[in-house]
Amino acid sequence: MRLRVRTLAGMLVTLLLLGWFGYKELPSFLYHQGYYQALLQWFPNDNYARPAINRLAMDIANQTGRGESDYIFVKSSGGASSSGTGHTKLDLQERADVIDKLEKLLAQYGHTEQMTNVSYNLALMHFWMGNWERAESLLNEIDRMGGAEWISREEQKAYLAILESRHVQEGKASLEGVVRIGDQPVPNAFVMLQRTDDSTYYSPPLTHYPATMTDENGRYRFYGIDSGEYDVAVGVRTEQISGYYMTESESKSVVIDGMATAGHDVLFVPQVIAVSPGRKELIQGDELRLRWKPYEGAEYYKLNISYLHNDRNGKYTGSTTTELSDQKYTGQEAVFSIRERNRDYNMSGKSYGQDGEVTLGTAGLLGMLYPGGEFAWSVDAYDEHDRKLSSSAGYFLHEDAITPIFRVEDNGLSEGDRLVIAARYEEAIAAYTLEGNNDHALRVLARLADQGIGKEDGNPAEALAYMERIQEPGESDKEFINMLRERIEKKKRV
């Protein structure tokens, strides 16, 4: 009996020890398994609580972004870039809810060194939401909290400099101007400077270049800028310039000489209106007829075509734009033969995916308006001095973009063509080879050989052998043949 009691007592002590040990180790388990919310709820004072808060805040920021994806930066020299980073796009209320969660975490656990990441991500969310005072306060508080090694100090200084530019500064400005959309000044727009000889570009760009903000009258000022020639870029919310285009200034760049204050105004004007084909229209037959509305002050128009890039899963990844024709149109209509345009193979390109897969520009293989392809078109309006007044091209391509996107019917596609569109190049080569001396097959085989279907460079000699078998070469074929021969000779001389 006594032995049985001792045994039970021993078992009870063992269970208590195991339970105590398990309880003590539970916070560590929850933290390393990523159950941060449960850890904070059950063990708010444990040593793992604060690092769990930081991880939770980082997860929130990584999933939702800080808000920079709501902005687009347009350069005076042409072109635009989004600060999009692939995060879930939230509306203003959803982002405000995320900010509220982080504010509560910060209020609960205080401004300490371990809370630096929470404070920093929260500050940048406030920044991109336009809550300037709160963003500035949090960024300054980080210096007093310590723990700056957890963040990019240069980035922090850049954000603070932009926020401080809202306040009146003494001295003569290096550059000033006004940003307008239509006839309305744009307050709180970002303005950046980039040297014209600087070919690098960062995305998001804001903290990598001198930057400032416009005041309530849309006026911006830069101080202490080194002498040189600069492009001016303006960052605004995408919805602000929906339906607008940055008109070309008298000069695309600005020269700062360090003595006089330079001036550069930025004006967004209504886009040219493209009429047809409209979005998602299917083009059947050989005729492509483009129509647009007249634009005030336009002397002539030029037309562009954009080939839309998709990855192997069909997801849009970007676009390549080129002139549809070098002709200047004085009316509001242009007609093209799709067959004739498909003799133009200038839209070639080669890209590499994260998994190492190679993707070639389909339009550079099958022709500018290849069957089954999806394209965007735009019209630019110019004045009598060849200054671009406006364009129908939007700065972004998605469901509510203004730029019309059309599809060419896929009649006449060969098996090789379908394999090229699917980026199955080795199979496409085999299919085209079976077609023998078919001129179209030889053209595509030549371009596949010239570009190369792997990471290695192409083989111009192999491409030339295909091109010389074409029975009825056109002008573009002859130009390509001459170019290949020149490259082969140049390679021999090296």
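It should be noted that the structure appears before, not after, this text.
Notes on the structure in this doc start here. Just so it is clear, the structure is predicted and the values come from calculations on it, not from any experiment. (Residues numbered from 1 in each chain as written. Predicted model: local features only at pLDDT ≥ 70, side-chain atom pairs only at ≥ 80, totals over all residues. Heavy atoms only, no water.)

## Digging into the sheet that holds strand E15 (residues 287–292)
The three strands are arranged E13-E15-E18 in an open sheet whose pairing can be described as antiparallel. Two strands bound the open sheet, and with one partner strand each, they are strand E13 (274–276) and strand E18 (333–337). Averaged over neighbouring strand pairs, the angle between their axes works out to 25° when direction is ignored. Note that E13 and E15 share two bridges and pair antiparallel. Of the residues in E15, the one forming a bridge with Ser276 is Arg291. (Pairing = 2+ DSSP bridges. Helix = DSSP H or I, 4+ residues; strand = E, 2+ residues; numbered from the N terminus. Axes fitted to C-alpha atoms, helices over the stretch in contact; angles between N-to-C directions.)

## Quick word on the packing of helix H12 (residues 439–451) against helix H13 (residues 460–467)
The contact between H12 and H13 brings their axes to 7 Å, and the two run at 175°. By the angle between their directions, the pair H12 and H13 is classed as roughly antiparallel. Of the residues in H13, those in contact with Leu442, Arg443, Leu445, Ala446, Arg447, Ala449 and Asp450 of H12 are Pro460, Glu462, Ala463, Tyr466 and Met467. (Parallel < 35°, antiparallel > 145°, perpendicular 65-115°, else oblique. Contact = heavy atoms within 4.5 Å.)

## Quick look at the environment of Lys455
Among the structural elements, Lys455 can be located in the loop between H12 and H13. The contacts of Lys455, once residues within four sequence positions are left out, are Lys350, Tyr352, Gly356 and Val358.

## A short note on the packing of aromatic side chains
Evaluation of the coordinates by the stated rule reveals 18 aromatic pairs. Arranged with centres 5.4 Å apart and planes meeting at 10°, the rings of Phe127 and Phe190 form a pair that is stacked. You can see Phe127 sitting in helix H5 (residues 116–129) and its partner Phe190 sitting in strand E5 (residues 190–195), a full 63 residues away along the chain. Assigned by exposure class, Phe127 and Phe190 land together as buried. Measuring from centroid to centroid gives 6.1 Å for Trp132 and Phe190, while their planes differ by 85°, and the two rings are edge-to-face. Residue Trp132 is located in helix H6 (residues 132–145), and its partner Phe190 is located in strand E5; the two are separated by 58 residues in the primary sequence. Of the two residues, Trp132 and Phe190, both sit in the buried class. Chaining the aromatic ring pairs together yields one cluster made of Tyr71, Phe127, Trp128, Trp132, Tyr159 and Phe190. (Phe/Tyr/Trp six-rings, centres within 6.5 Å; stacked < 30°, edge-to-face > 60°. Buried < 20%, exposed > 50% of the residue type's maximum accessible area, 1.4 Å probe, protein only.)

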